[in-house]
Amino acid sequence: MDYNASDAIQDLQYFGEFGGVNPSISDSSTYTFLSAKTMFDTFEGNTEGCYLYSRHSSPSNLYLGEALAALEGTEAANVTASGMGAITAVILQLCSSGDHLISSRTIYGGTYAFLKNFLKRFRIEVSFVDITNLEAVRAALRPNTKMIYCEAVSNPLLEVADIGGLAQIANSRQIPLAVDNTFTPLSIAPARLGAHIVIHSLTKFINGTSDTVAGAICGSRDFCLALKDVNDGAGILLGSTLDSLRAASILKNMRTLHLRMSKHSENAHYLAERFEADGLRVVYPGLASHPGHALMTRQMVSQYGYGGILTLDAHSLEKANSLMEQMQKENLGYLAVSLGFYKTLFSAPGTSTSSEIPETEQKAMGLSDGLIRFSIGLDHDIERTYLRMKSCMERLDIVPVKEMRA
Ligand SMILES: *Cc1c(COP(=O)(O)O)cnc(C)c1O
């Protein structure tokens, strides 16, 4: 791949007001004009480079947006106050009452709840499909289908979407493919593979310090401007605006994203291989046993690896809960939702982040009770972590007897 996102981010150079090495933070919600005429023109969207009001745009948010556009190789990007703020703005920008959209059935619980329950208020219909089956996606198209939505690598089942294949289907109808790339920044570059819109929860890997909630929408200049249109833009009117202080702090954290992603991936890959060799049921796209392994290998930017998330089946919810409590007691990570922290985080998605999905549907998509989702941290000595995790599993009889009694 000739486009290198890390170099593109590295090359962004902004000086602060007094020659600072970081850009100044815009500490204002509103901006003065020297003439009333310029203010009017700015409202009409005719004055490039003028700031009006910070819900529309602010220097700090624009800097962060440029870094996200560099990350995804898109013309532009808008930042939002949360990942859900980005997702809901994109969907409501593209779909109106009476429209239809196609979504992967394995997606983030909040997105699922929005699509399944909330959109009913607007009579927007959603077909949930097995996104790995392109025929099923094609078959779900209707004359009023306005978009295709999926996650590059899905939460929590780690299904890998064929972004090129989905983009072709979208292009055949001239509708956009929107991809939530929260799980795999840098590893997968959806826009380079044909996606029209790329969404992130910045709360996770991109910020990486579990201190902020934020989101982003990366896409064409026209789409990003339309979201900010003062008359009918879903971004500006739904009002999910990121605060400048937070935007500035996320931008600084983005400077180390390439190092963090490589390490998260390296550690997760190591644990996945060891756990699988121990006979555990592990799901990780880097394992040859993963159904999406070949596709991911073909799609990814290899230096960043297969990502920092893996799942492990602890056989039952009781065992999963005991294991998580035990691992937390031994300081191997935290029993917490979310992902992308320096420390390993684990949770049982069936009863937490995906609890919005009814139990019967969870079963149908392969989300078992004992499933634990791990966001693997930046541990320096991952073998040490592995040995200590394994000893917790042995004590709880989760590691198959095969190896223990041999
Ligand atoms: C967390 C998450 C979201 C929601 O992001 P927030 O910042 O919490 O609003 C969306 N998609 C995925 C894949 C996520 O993991």
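Residues numbered from 1 in each chain as written. Predicted model: local features only at pLDDT ≥ 70, side-chain atom pairs only at ≥ 80, totals over all residues. Heavy atoms only, no water.

J.: Pulling in residues and values, what's your account of the packing of helix 3 (residues 59-72) against helix 10 (residues 244-254)?
T.: Any two packed helices are characterised by the angle at which their axes cross and by the distance between the axes. Running from N to C, helix 3 and helix 10 point in directions that differ by 35°, and their axes come no closer than 8 Å. Here the hand of the crossing between helix 3 and helix 10 comes out left-handed. Between helix 3 and helix 10, the residues in contact are Ser60, Asn61, Tyr63, Leu64, Ala67, Leu68 and Leu71 and Ser244, Ala247, Ile250, Leu251 and Met254, respectively. (Axes fitted to C-alpha atoms, helices over the stretch in contact; angles between N-to-C directions. Helix = DSSP H or I, 4+ residues; strand = E, 2+ residues; numbered from the N terminus. Left-handed = near helix turned anticlockwise from the far one by under 90°. Contact = heavy atoms within 4.5 Å.)

J.: How would you sum up the site of the ligand? Please name residues and give values.
T.: Close contacts around the ligand come from 15 residues, with Met84, Asp180, Ser201, Thr203 and Lys204 the closest. One of the backbone nitrogen or oxygen atoms of Met84 is found 2.8 Å away from an oxygen atom of the ligand. Within the contact set of the ligand, an oxygen atom lies 2.7 Å away from a side-chain nitrogen or oxygen of Lys204. Bound to the protein, the ligand loses 92% of the 380 Å² it would expose on its own. Looking at the shell around the ligand element by element, the count peaks at 3 residues for helix 4 (residues 83-94). (Near = heavy atom within 4 Å. Polar contact = N/O pair within 3.5 Å; in protein donor to acceptor, adjacent residues only side chain to side chain. Areas by Shrake-Rupley, 256 points an atom, 1.4 Å probe, with all protein chains shown as cover.)

J.: Describe unusual backbone geometry, with residues and values.
T.: With an omega of -5°, the peptide bond running from Asn155 to Pro156 counts as cis. Within the element layout of this structure, Pro156 appears in the loop between strand 4 (145-151) and helix 7 (163-173). Of note in the backbone geometry, His315 takes a positive phi value of approximately 80° without being a glycine. With a relative accessible area of 54%, His315 lands in the exposed category. (Buried < 20%, exposed > 50% of the residue type's maximum accessible area, 1.4 Å probe, protein only.)

J.: Explain the nonpolar core residue by residue, including any values.
T.: Membership of the largest hydrophobic core comes to 87 residues, with the highest contact counts inside it found for Leu64, Leu68 and Leu177. With 28 residues, the next largest nonpolar core counts Ile107, Ile124, Met147 and Leu227 among its residues. (Core = buried A, V, L, I, M, F, W, Y, C linked by side-chain atoms within 4.5 Å.)

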